[in-house]
There are 2 protein chains.
Amino acid sequence: MQGDSDSDPPSYRSPHAGGRATVELRALGELGVLARIRTAVGKTRSTGVRIGIGDDTAVLAVTPGTSLLATTDLLVEDIHFRRAWASPADIGWKAMAVNLSDVASMGGVPRWALVAAALPATAEVQEIDALYEGLLAAATPHGVTIVGGDTSTSRLGWTINVTLLGEHSGAPKLRSAASPGDVVAVTGSLGRAAAGLALLEQGSTTALSAQTQDALTRAHLRPMPRLAEGRWLGEQPGVHAMMDLSDGLSTDLGHICRESDVGARIALDRLPMPPAVREAADALGTDPSEWAAAGGEDYELLLTCAADMVERLAEGLRAATGTALTAIGRIEPREASVTYVDARGEPVLLRGGYQHFHG
Amino acid sequence: MQGDSDSDPPSYRSPHAGGRATVELRALGELGVLARIRTAVGKTRSTGVRIGIGDDTAVLAVTPGTSLLATTDLLVEDIHFRRAWASPADIGWKAMAVNLSDVASMGGVPRWALVAAALPATAEVQEIDALYEGLLAAATPHGVTIVGGDTSTSRLGWTINVTLLGEHSGAPKLRSAASPGDVVAVTGSLGRAAAGLALLEQGSTTALSAQTQDALTRAHLRPMPRLAEGRWLGEQPGVHAMMDLSDGLSTDLGHICRESDVGARIALDRLPMPPAVREAADALGTDPSEWAAAGGEDYELLLTCAADMVERLAEGLRAATGTALTAIGRIEPREASVTYVDARGEPVLLRGGYQHFHG
């Protein structure tokens, strides 16, 4: 649907815009909703799909010699997004993108998606159309087809679950492969999504240009999964552990350290923060390092690599994808625990990254 | 975990039973919840799992020469179940069973599941334990391993999404393969789940034995997916179209007729209704044919087959699985539409089966 995964995602008109008559899902009924989804999804090209939407299960042809990758993410209204600032197309985009990011972090190729959505019966037909437009806008540039799903009513609130299947023809990069002495590195930049979320929650501010605010809120609403980067990095033997940054560096590095039975030391002044993030932190009177280290939802790749390889990896990644790779610290023996230090080498106590269920 | 898929599902103690201290999920945090799930799930045996829970995606080895089957179902509190009468273990069982039924209806072999759950932070640790006990109790007898998932908070209510992956080594039975002249047949019996739901919603009645009421409510809460039956029927060339009965005969037969571009004529007096369903209908003053024809959630298999094969198929299925196959009508040309007739051959107007979004 969109031409290029490197370009900015497209904008959508709000379904509330204009004076059009609205039709609620309850007027259409489940069969009507399904027919509408099938029409929208049926326009996309697909390979390896023997049977798509319309039967009890999808029937798929996995490429011989590959491993199957499978991941699932559930997005719940007022937990993962607010309808006040995320359009249905934004919600669809993000539900797909967070799964694409998981496949990227394994170095895999995404193939097929299953989408389950629960919406109030009073949701408008234009809203479900926009939800699927967002899902397809994120999926199609990466060759992903929606091959099945489920729709149901919800008593209140929107819930979207996407399951993504992918393929990997070699050995995926795991969280458990970090070793003491490895360099810790991240793709792209950190803190934009958290800055964007703060702007969405606090409303716009005159202290920042509209362009800066738009770029940051867009980073939160329309994350770009690092698929090309994941594939390239996934093929480099110098890359050891890899995962995507969904819950924030402090939480996600914790996963790598726990799975690899190691510690780490991260230099906060090395975290790649773009000027817009620092400007937004100034405008909102907060510490940009917190956004970069604990904010979450940047969907960059976090990896560890052989220390003598990091420069060559950074050069290679930039040549292959245009994306930066920045060394931010080092893997230590387990006894060292995970430490964040400031520019003077003094330990800094961070708030944790995002954890569900904490009251 | 359970020995035999043909035996009754096990009972669970309510997590509210007894005087034990309760721990809420928010006290445990997401990492604590994940560790608990991983421990529960890790006890099960698995094949084809290169990487299970604990990385960004599962990594699976699909059997060479097979097609991959994929299906997903979302269960939402107060839409698909009420916590007043469904225990967490019941909810887990059903979330898994409805997906197993989809794989059964293709004649496939279920392999791996991904489970996403959104629960209020005030949910109790014992409840999430029981949810996974129910999921595993349904999955394990069929060789299915939980290989990944997602957990999150919800603002209110429980939401469970299960995605099930399976394999098929031949040509799956599709909804689109019915032809005029085919006999329409169903496995097992109809109406038990709808009768059970009516009893759960209206409360117990002194007009029925406790045993009858328990059997019917169990049929609703703990449906038994027809996997052995689906596999056997899936191998018979005489079987044309096949699907599972989730939304009720009237809705689901409509899917077969639409996908196959045919009509059908169903004799209501041939629907296989056990005495318990008739007794419950008498006790509640309702028409048992409505439960059998439009009630839904029986998770029996609905199929069409060559007319001269139906007796041999019924004998073969009973010999292979112990389950009955009953002819209930015939596929007609499209022009005939779908008609339900009574014992005198007079057309009967049914309420539709379950459709989401209808107000």
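See above for the structure.
Participant: Sorry, what's going on with the relation of the copies chain A and chain B here?
Facilitator: Relating the two copies of this chain is a rotation about some axis coupled with a shift parallel to it. Overlaying chain A on chain B yields an RMSD of 0.0 Å, the required transformation being a rotation through 180° with an accompanying axial translation of 0.0 Å. Both copies are brought into coincidence by an operation consistent with a two-fold rotation axis. A symmetric contact is evident, with 100% of the interface residues of chain A recurring at the interface of chain B.

Participant: Hey, could you run me through the nonpolar core in this one?
Facilitator: Generally speaking, soluble globular proteins have nonpolar side chains that are buried together. Grouped together as the largest cluster of nonpolar side chains are 218 residues, with contacts concentrated most on Ala113(A) and Ala113(B). Here Ala113(A) is in contact with Met96(A), Ala139(A), Val144(A), Ile146(A), Val147(A), Val162(A), Thr163(A) and Leu164(A), once residues within four sequence places are set aside.

Participant: Looking at this model, I keep getting lost on the sheet that holds strand E3 (residues 67–76) of chain B. Mind explaining?
Facilitator: Hydrogen bonding along the main chain pairs the strands of a sheet, whether they run parallel or antiparallel. Read across the open sheet, the six strands follow the order E1(A)-E2(A)-E3(B)-E6(B)-E4(B)-E5(B); overall the sheet is mixed. A single partner strand is all that each edge strand has here, and the edge strands are strand E1 (49–51) of chain A together with strand E5 (145–153) of chain B. The mean inter-strand angle of the sheet, taken between neighbouring strand axes irrespective of direction, is 20°. Where strand E4 (residues 109–119) of chain B lies against strand E6 (residues 159–168) of chain B, nine bridges are found, and the strand directions are antiparallel.

Participant: How do you make sense of the interface of chain A and chain B when you look at a structure like this?
Facilitator: Interfaces are often sized by the amount of accessible area the parts lose when they come together. Counting residues at the interface gives 67 residues for chain A, matched by 67 residues for chain B. For the side of chain A that touches chain B, the element with the most residues is strand E3 (residues 67–76) of chain A, which contributes nine residues. Residues that form the side of chain A that touches chain B fall into these classes: 30 nonpolar, 24 polar and 13 charged. Pairing of strand E2 (residues 58–60) of chain A with E3(B) involves three bridges; the strand directions are antiparallel. Paired with Val59(A) across the strands is Leu69(B), a residue of E3(B).

Participant: Please clarify how unusual backbone geometry should be interpreted in this entry.
Facilitator: One can expect most non-glycine residues to show negative phi and most peptide bonds to be in trans. Its identity is not glycine, yet Glu297(A) carries a phi of approximately 65°, on the positive side. Judged by the 23 C-beta atoms lying within 10 Å of it, Glu297(A) falls in the buried class. Despite not being glycine, Asp78(B) shows a phi value in the positive range, around 70°. Looking at the element boundaries, Asp78(B) is found in the loop between E3 and helix H2 (88–105).

Participant: Is there a simple way to think about helix H5 (residues 210–221) of chain B in this case?
Facilitator: Side chains that are three or four residues apart share a direction in an α-helix, a result of its 3.6 residues per turn. If you check H5(B), its first and last C-alpha atoms are 16 Å apart, about what 12 residues at 1.5 Å a residue would give, namely 16 Å. Where the residues of H5(B) are buried, they touch H2, helix H4 (192–202) and helix H8 (275–284) of chain B.

Participant: Looking at this structure, how should I read the packing of helix H2 (residues 88–105) of chain A against helix H6 (residues 227–234) of chain A?
Facilitator: Residue and element names in this part refer to chain A. Two elements in contact, H2 and H6, have axes separated by 8 Å at closest approach and are oriented at 15°. It follows that H2 is roughly parallel to H6 by the angle criterion. Considering only the axes of H2 and H6, their crossing is left-handed. For the pair H2 and H6, the contacting residues are Leu 100, Ala 104 and Ser 105 in the first and Leu 227, Glu 229 and Gly 230 in the second. Classifying every residue of the contact of H2 with H6 gives three nonpolar, two polar and one charged.

Criteria and thresholds
- Residues numbered from 1 in each chain as written.
- Chains lettered and ligands numbered in written order.
- Predicted model: local features only at pLDDT ≥ 70, side-chain atom pairs only at ≥ 80, totals over all residues.
- Least-squares fit on C-alpha atoms with pLDDT ≥ 70 in both.
- Contact = placed C-beta atoms within 7 Å.
- Core = buried A, V, L, I, M, F, W, Y, C linked by C-beta atoms within 7 Å.
- Buried ≥ 20, exposed ≤ 12 C-beta atoms within 10 Å, placed from the backbone.
- Pairing = 2+ DSSP bridges.
- Helix = DSSP H or I, 4+ residues; strand = E, 2+ residues; numbered from the N terminus.
- Axes fitted to C-alpha atoms, helices over the stretch in contact; angles between N-to-C directions.
- Nonpolar A, V, L, I, M, F, W, Y, C, P; charged D, E, K, R; others polar.
- Expected span 1.5 Å × (residues − 1).
- Parallel < 35°, antiparallel > 145°, perpendicular 65-115°, else oblique.
- Left-handed = near helix turned anticlockwise from the far one by under 90°.

Treat this as a map of the structure, not an account of what it does.
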